[in-house]
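Each chain is listed here by its residues.
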Amino acid sequence: DDGSSDYLNRTPSSAGNRRTWTFSAWVKKCMPLTGGNQRLIACGSGTGGLFSSIEYDSSDRIRILEGTEGGSSSVTVRGAGFNRDPSAWQHVVVKYDSTQGTAADRIEIYLNGVEVTYDSTTYPSSNKDSEFNNNVVHTIGATSVGSSVGSFFDGYMAEVVLIDGQALDPTSFGEFDEDSPTIWKPKDVSGLTFGTNGFYLDFEDSSSLGNDSAGSNNFTVNNLTATDQSTDTCTNNFCTWNPLDNYYPAMTFSDGNLRALTTINKYTYNSTTIGMTSGKYYCEIKCTAQSAHSSGSPQDAMVLGITSTHSGGTTQELGHNAHDWGMYANGDGTNGQYRNNDSLTNYGVTFTTGDIIGIYVDLDNNKLYFAKNGTIMQSGTGISITAPASTPRGAYFFAVNNWSSTTSGTFDANFGGTQSFTVSSGNTDPNGYGNFEYDPSAGT
């Protein structure tokens with residue numbers, strides 16, 4: 001979470017091979033277009049010294065830079081494409097070998113197994129020493145310049161690898177799925193030779209997130225805790241709030257796009273990154289901070305539920321349309337209704353700040369259930385919803401919104417991969433996935 005200044009760092013005791021190395025990482029970006037650089041890995045001696053960095057620039061283009069920290073860059077190799085998909089994992093490989101006779105062979109960048117098209121190329125000179133594998137500070141998820149740290153990465157990371165002394169192709173770290181040949185997936189990298197300063201961060205030990213699984217090149221953890229460990233990974237992708245579905249509500253997001261902070265005087269809602277078309281789904285949403293409301297004004301409320309509407313209208317709160325269902329809670333906790341097709345129906349009980357609302361979506365039977373703190377409302381009676389195939393988007397998405405003329409509201413979501421609020425119970429779904437406060441199977 002870039003707002004929490006999270007990063008890892010280590011300084012090798014001696015230099016390794018600075019001319020030939022490979023970096024590999026799986027990343028899932030959160031907030032796009034941050035207006036600043038987001039560094040995956042950076043290394044250097046500080047202000048005025050040499051540095052090397054692999055990063056997304058302010059336009060979300062992947063690149064490698066080398067030069068003088070705080071000064072000019074002598075090496076810039078940048079991919080032409082913009083990387084702005086917050087719903088998917090992406091595999092980044094940078095292959096560096098300044099011993100190559102052809103300049104274009106000295107740096108190669110791959111995304112999901114395919115070399116990028118470049119729009120800026122100033123390659124390193126022959127046999128140039130990079131700062132990678134030098135005995136200077138190496139930082140994951142940020143840049144360290146003397147005593148200052150910045151350019152924080154905002155998102156998820158998995159399978160972070162540095163190979164010291166070899167320029168490897170992406171096939172050393174991933175492969176195309178034999179049954180779905182357009183899908184690039186990770187491979188077991190534990191058998192690779194990592195070299196003197198190489199490392200493999202698998203993030204499996206929540207008490208030591210900087211542990212090098214391949215050796216002893218461990219990283220120091222800064223501002224990360226055990227709760228920052230996630231099972232949202234490159235082999236099991238979970239949904240989050242979608243910052244691209246944010247035209248009018250102008251919500252702000254943090255904690256891996258799981259915390260949504262609403263703004264004032266905004267009706268239109270925000271939805272999730274992954275749609276539901278069949279089967280059964282569950283999530284938990286905690287009303288961490290609730291908006292104030294005006295008496296007798298039902299739209300002055302925090303609302304959560306599901307939608308299959310393209311939410312572009314400026315006066316359409318969740319539940320306004322025929323394919324929205326939103327559970328309402330007014331700021332003083334006096335409301336306990338759901339809204340659909342611009343009509344309110346009494347249902348269950350009220351909720352307020354601190355309550356955890358479970359949303360069960362049963363698309364085998366086209367039913368919707370709401371629960372408060374583990375108890376399903378309306379004595380377990382489901383709400384009938386339209387089959388997804390007959391909705392405008394062909395799928396349902398979890399959604400939230402807030403309307404208040406005076407205050408904002410905060411929604412903390414748990415979709416299974418990560419929890420943006422503390423979970424004490426530890427319930428999983430029938431397949432063993434997720435970590436929920438309450439039973440995901442109760443609404444089936």
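Residues numbered from 1 in each chain as written. Predicted model: local features only at pLDDT ≥ 70, side-chain atom pairs only at ≥ 80, totals over all residues. Heavy atoms only, no water.

**Student:** Summarise the layout of surface pockets; cite the residues concerned and give the values.
**Tutor:** Using a probe with the size of a water molecule, rolled over the atoms, empty space left in the structure can be pinpointed. Considering only enclosed or pocket space, the largest pocket measures out at about 1,200 Å³ in volume. In this structure, the largest pocket is lined by 44 residues; those nearest its centre are Tyr156, Met157, Asp228, Gln229 and Ser230. Those elements that provide at least two residues to the lining of the largest pocket are strand 1 (7-10) and strand 14 (155-164). If one sorts the elements of the lining of the largest pocket by residue count, strand 14 sits on top with five residues. When grouped by side-chain class, the residues that make up the lining of the largest pocket number 17 nonpolar, 19 polar and eight charged. The volume enclosed by the second largest pocket comes to roughly 580 Å³. Lining the second largest pocket are 26 residues, with Lys280, Tyr281, Tyr282, Phe415 and Asp429 sitting closest to its centre. (1 Å grid on protein atoms, 1.4 Å probe; cavity = no way out; pocket = protein on both sides within 12 Å on 5 of 7 lines; lining within 4 Å. Points joined across faces, edges and corners; volume = space filled by probe spheres on them. Helix = DSSP H or I, 4+ residues; strand = E, 2+ residues; numbered from the N terminus. Nonpolar A, V, L, I, M, F, W, Y, C, P; charged D, E, K, R; others polar.)

**Student:** Lay out the pattern of salt bridges in plain terms, naming residues and giving numbers.
**Tutor:** A side chain with one charge can pair with a side chain of the opposite charge if their charged atoms come near. Here the structure, examined in full by the defined rule, presents 19 salt bridges. Between Arg339 and Glu317 there is a salt bridge; the shortest N-O distance is 3.2 Å. Pair noted here: Arg339 is in strand 25 (residues 337-340) and Glu317 is in the loop between strand 23 (301-307) and strand 24 (324-330), with a separation of 22 residues, a long-range link. By the burial criterion, Arg339 is buried, and Glu317 matches it. Residue Lys372 is joined to Asp355 by a salt bridge in which the shortest nitrogen-to-oxygen separation is 3.9 Å. Here Lys372, found in strand 28 (residues 367-372), pairs with Asp355, found in the loop between strand 26 (343-346) and strand 27 (356-362); they are 17 residues apart in sequence, far enough to count as distant. The exposure class of Lys372 is partly exposed, given its relative accessible area of 24%. A network of salt bridges, in which partner residues are shared, links Asp57, Arg61, Arg78 and Asp119. (Salt bridge = Lys/Arg side-chain N within 4 Å of Asp/Glu carboxyl O. Buried < 20%, exposed > 50% of the residue type's maximum accessible area, 1.4 Å probe, protein only.)

**Student:** Would you mind going over empty space enclosed by the protein in detail, with residue names and values included?
**Tutor:** Throughout the structure, instances matching the rule amount to four cavities of 30 Å³ or more. Taken as a whole, the largest cavity holds about 60 Å³ of empty space. Looking at the largest cavity, it is lined by 13 residues, and the ones nearest its centre are Cys43, Gly44, Glu69, Thr143 and Ser144. Contributions of two or more residues to the lining of the largest cavity are made by strand 3 (38-44), strand 4 (50-56), strand 11 (137-140) and strand 12 (143-145). Per-element accounting of the lining of the largest cavity gives the leading share, three residues, to strand 3.

**Student:** Give a description of the pairing of strand 11 that names residues and reports values.
**Tutor:** By the alternation rule, side chains of strand 11 split into Val137 and Thr139 and His138 and Ile140, which are all buried. Across three bridges, strand 1 lies against strand 11 in antiparallel orientation. What sits directly across from Leu8, in strand 11, is Ile140. Two strands pair when backbone bridges link them, and strand 3 and strand 11 are joined in this way by four bridges, in the antiparallel orientation. (Pairing = 2+ DSSP bridges.)

**Student:** Provide a residue-level description of the sheet that holds strand 9 (residues 114-115), including the pertinent values.
**Tutor:** The strand order across the open sheet formed by six strands is 9-8-7-2-14-17, and the pairing between neighbours is antiparallel. On the outer flanks of this sheet lie strand 9 and strand 17 (199-201), each paired with one strand and no other.

**Student:** Tell me about unusual backbone geometry, and please be specific about residues and values.
**Tutor:** Among all residues save glycine, negative phi is the norm, and among peptide bonds the norm is trans. The backbone of Asn112 shows a phi angle near 50°, a positive value even though the residue is not glycine. On the secondary structure map, Asn112 appears in the loop between strand 8 (107-111) and strand 9. Even without a glycine there, the phi angle at Asn127 is positive, about 65°. Its place among the elements puts Asn127 in the loop between strand 10 (118-122) and strand 11. Residue class for Asn127 comes out partly exposed when judged on its relative accessible area of 35%.

**Student:** Any details on the sheet that holds strand 6 (residues 73-79)? Residues and values, ideally.
**Tutor:** The strands that make up a sheet are held in pairs by hydrogen bonds between backbone atoms, and each pair lies either parallel or antiparallel. Pairing is antiparallel in the open sheet, where eight strands are placed in the order 10-6-5-4-3-11-1-18. Among the strands making up the open sheet, the edge pair consists of strand 10 and strand 18 (220-222). Averaged over all pairs of adjacent strands, the angle between strand axes in this sheet comes to 15°, irrespective of strand direction. (Axes fitted to C-alpha atoms, helices over the stretch in contact; angles between N-to-C directions.)

**Student:** A description of the nonpolar core should follow, citing residues and the corresponding values.
**Tutor:** Residues Ile285, Leu304, Ile306, Ile359, Leu368 and Phe370 are the most contacted members of the largest nonpolar core, which totals 41 residues. Going through the elements one at a time, strand 14, strand 22 (280-289), strand 23, strand 24, strand 27, strand 28, strand 31 (397-402) and strand 32 (410-414) are the ones with two or more residues in this core. (Core = buried A, V, L, I, M, F, W, Y, C linked by side-chain atoms within 4.5 Å.)

**Student:** Now, about the pairing of strand 26: what can you tell me, with residues and values included?
**Tutor:** Examined bridge by bridge, strand 25 and strand 26 share four bridges and lie antiparallel to one another. Looking at strand 26, one finds that Arg339 is bridged to Leu344. Turn length for the strand 25-strand 26 hairpin, with the two strands adjacent in sequence and antiparallel, is two residues, and the turn residue Asn341 shows positive phi of about 55°.

**Student:** Describe in detail the side chain of Asp6, supporting the description with residues and values.
**Tutor:** Note on placement: Asp6 falls in the segment before strand 1. Although Asp6 lies buried, it forms no salt bridge, and the closest oppositely charged side chain, Arg259, sits 12 Å away as judged by the N-O distance. Polar side-chain contacts of Asp6 include one of 2.9 Å to the backbone nitrogen of Asp1. Not counting chain neighbours up to four residues away, the residues in contact with Asp6 comprise Asp1, Gly141, Phe152, Asn222, Asn223 and Leu224. (Lys, Arg positive; Asp, Glu negative; His and termini not counted. Polar contact = N/O pair within 3.5 Å; in protein donor to acceptor, adjacent residues only side chain to side chain. Contact = heavy atoms within 4.5 Å.)

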